Amino acid sequence: LAKDKGKNNFQIYSSSLNIATYKAFSIESSLRNAIKNDEFILHFQPRVEAGTGKIVSAEALIRWNHPTWGLISPGEFIPIAEKSDLILDIGDWVLIKVCNYINEWKKRDAPLVPISINISAKRFLKNDWVINIIDFIEETHTDPRLLEFEITESTLIKHEEVVESAIDSLKKIGIRFALDDFGTGYSSLTYLNRFAIDTIKIDKSFIQKISKSDSDKIITKSIIFLARGLKMRVVAEGVETPEQLVFLQKLGCEEIQGFLFSKPVPEKEFQSLLKKETLKPSKYHSQSEAIA
Ligand code: C2E
Ligand code: MG
Ligand code: MG
Ligand code: MG
């Protein structure tokens, strides 16, 4: 009997492995058609001033609205896209879409804040990328001061020289740079000096443990102190509770991004948030995101 049970367990295990492999494979093949079929959408998550709740900017976050699987989070398909050049097409789509929105809002005289975009490490390996971006921004008359590019520590480490010169060229035209998920990578603190980074985003894994773990409290405190000393803007990601907010306010963290103020929302909803100008912290309750 025990033997039978073991056998069954093995079968379940092996078939779920197959399902995972099959899923990754079918995600990749469907991803190839997603842009063409217009299946991606952008959501926007406000970043607010810690003391006042005033919306100061927002992060554009991609979602995939698959015709049969429904809404798929970037955590599921971005890593797969990163394995091929698909991530470059997706990155282009996001940049074009964000510039279109910015220009449309400007034209409509709608409220406007800078928008942050996540940039894949692979981007920096294409020589003509920077030139293409500068051309595109000029052609579309997009205000580059309304764009911030988020990169991670691993991007800095992987391609030091190209990233350094790309940042310098893009900063010259007014694009800002943020270091995303800070504290989770393996970069040295001297990187903060070497690269012309404007903003540090403290990773949510620290924020979500600050009330329970003294070491995460100290790390968060030190990152804020360091950022302020280096005259960089500092943002706490993943703020979900009033206690986390109070702690971060006390430490002088300038900006907050998290479900406590708003989840990432579709464009229409984002525009109505912007009309309010300031957001109130509201008790975070888990619910799936609405789709436009
Ligand atoms: P990220 O750039 O660090 O984005 C922040 C993530 O934290 C978002 O997840 C956001 O929904 C989530 N978040 C914000 N506040 C809270 C909170 O209070 N609690 C919790 N639990 N989560 C919070 P999302 O949208 O699922 O994106 C996941 C990651 O996928 C992003 O992490 C980014 O690395 C990647 N990604 C998203 N959009 C793009 C894109 O357009 N291009 C690229 N290359 N990557 C993207
Ligand atoms: Mg980000
Ligand atoms: Mg992050
Ligand atoms: Mg990330």
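In this report, we go over the structure that sits alongside the text. (Residues numbered from 1 in each chain as written. Chains lettered and ligands numbered in written order. Predicted model: local features only at pLDDT ≥ 70, side-chain atom pairs only at ≥ 80, totals over all residues. Heavy atoms only, no water.)

## Quick look at the site of ligand 1
Next up, step 1: Neighbouring residues of ligand 1: 22 residues in total, closest Arg 63, Asn 118, Asp 180, Glu 240 and Phe 259.
Next up, step 2: Taking Phe 259, its main chain carries an N or O atom lying 2.8 Å from an oxygen atom of ligand 1.
Next up, step 3: If ligand 1 stood free it would expose 810 Å²; the protein chains cover 83% of that surface.
Next up, step 4: At the level of secondary structure, the elements contributing two or more residues to the shell around ligand 1 comprise strand S2 (55-66), helix H2 (74-82), helix H3 (86-107) and strand S6 (176-182).
Next up, step 5: It is S2 that contributes the most residues to the shell around ligand 1, four residues altogether.
Next up, step 6: When the residues that make up the shell around ligand 1 are grouped by side-chain class, the tally is nine nonpolar, five polar and eight charged. (Near = heavy atom within 4 Å. Polar contact = N/O pair within 3.5 Å; in protein donor to acceptor, adjacent residues only side chain to side chain. Areas by Shrake-Rupley, 256 points an atom, 1.4 Å probe, with all protein chains shown as cover. Helix = DSSP H or I, 4+ residues; strand = E, 2+ residues; numbered from the N terminus. Nonpolar A, V, L, I, M, F, W, Y, C, P; charged D, E, K, R; others polar.)

## What to know about the packing of helix H4 (residues 129-139) against helix H6 (residues 160-172)
Next up, step 1: Orientation of H4 relative to H6, taken along the N-to-C sense of each, is 15°, at an axis distance of 10 Å. One way to sum up the angle between H4 and H6 is to call them roughly parallel. Two packed elements cross with a definite hand, and for H4 against H6 that hand is right-handed. Touching Trp 129, Val 130, Ile 133 and Ile 134 of H4 are Ala 166, Ser 169 and Leu 170, all from H6.
Next up, step 2: Looking at the contact of H4 with H6 residue by residue, the classes come out as six nonpolar, one polar and no charged. (Axes fitted to C-alpha atoms, helices over the stretch in contact; angles between N-to-C directions. Parallel < 35°, antiparallel > 145°, perpendicular 65-115°, else oblique. Left-handed = near helix turned anticlockwise from the far one by under 90°. Contact = heavy atoms within 4.5 Å.)

## Considerations on the coordination of the magnesium ion (ligand 3)
Next up, step 1: Within the protein, Asp 180 (OD), Asp 181 (OD), Glu 237 (OE) and Glu 237 (OE) serve as the donor atoms for the magnesium ion (ligand 3), at 2.0 to 2.6 Å.
Next up, step 2: Between the magnesium ion (ligand 3) and the magnesium ion (ligand 2), a spacing of 4.2 Å is present, and a bridge between the two is formed by Asp 180. Of the two residues, Asp 180 sits in strand S6 while Glu 237 sits in strand S8 (residues 233-237), which places them 57 residues apart along the sequence.
Next up, step 3: Note on Asp 180: relative accessible area 7%, which makes it buried. (Donors = N, O, S within 2.8 Å, 3.2 Å for Na, K, Ca; no water. Buried < 20%, exposed > 50% of the residue type's maximum accessible area, 1.4 Å probe, protein only.)

## Points about unusual backbone geometry
Next up, step 1: In the Ramachandran plot, Asp 181 falls in the positive-phi region, its phi being about 50° despite a non-glycine side chain.
Next up, step 2: Look at Asp 181 and you get partly exposed, because its relative accessible area is 26%.
Next up, step 3: In this model, Glu 277 sits at a positive phi of 70°, which is unusual for a non-glycine residue.
Next up, step 4: One can find Glu 277 in the segment after helix H11 (267-276).
Next up, step 5: With relative accessibility at 53%, the residue Glu 277 sits in the exposed group.

## Things to note about the packing of aromatic side chains
Next up, step 1: Counted by the stated rule, this structure contains 14 aromatic pairs.
Next up, step 2: For the ring pair Phe 44 and Tyr 101, a centre distance of 5.5 Å and an interplane angle of 75° mean the geometry is edge-to-face. Of this pair, Phe 44 sits in strand S1 (residues 40-49) while Tyr 101 sits in helix H3, placing them 57 residues apart in sequence.
Next up, step 3: A relative accessible area of 14% means that Tyr 101 is categorised as buried. (Phe/Tyr/Trp six-rings, centres within 6.5 Å; stacked < 30°, edge-to-face > 60°.)

## Digging into the pattern of salt bridges
Next up, step 1: Considering all chains together, one arrives at 19 salt bridges under this definition.
Next up, step 2: For Glu 164, the salt bridge identified is with Arg 194, shortest N-O distance 3.0 Å. Taken together, the positions of Glu 164 in helix H6 and Arg 194 in helix H7 (residues 191-194) put the pair 30 residues apart, joining distant regions of the chain.
Next up, step 3: The partly exposed category is assigned to Glu 164, whose relative accessible area is 24%.
Next up, step 4: Beyond isolated ion pairs, a larger network of salt bridges with shared partners links Arg 47, Glu 148, Arg 233 and Glu 255. (Salt bridge = Lys/Arg side-chain N within 4 Å of Asp/Glu carboxyl O.)

## Notes on the environment of Leu 192
Next up, step 1: Within the secondary structure, Leu 192 sits in helix H7.
Next up, step 2: The exposure class of Leu 192 is buried, given its relative accessible area of 6%.
Next up, step 3: The spacing of Leu 192 and Leu 179 is 13 residues in sequence and 9.0 Å in space, taken between C-alpha atoms.
Next up, step 4: Discounting chain neighbours no more than four positions away, the residues touching Leu 192 are Leu 179, Phe 182, Ile 200, Leu 226, Leu 230 and Met 232.

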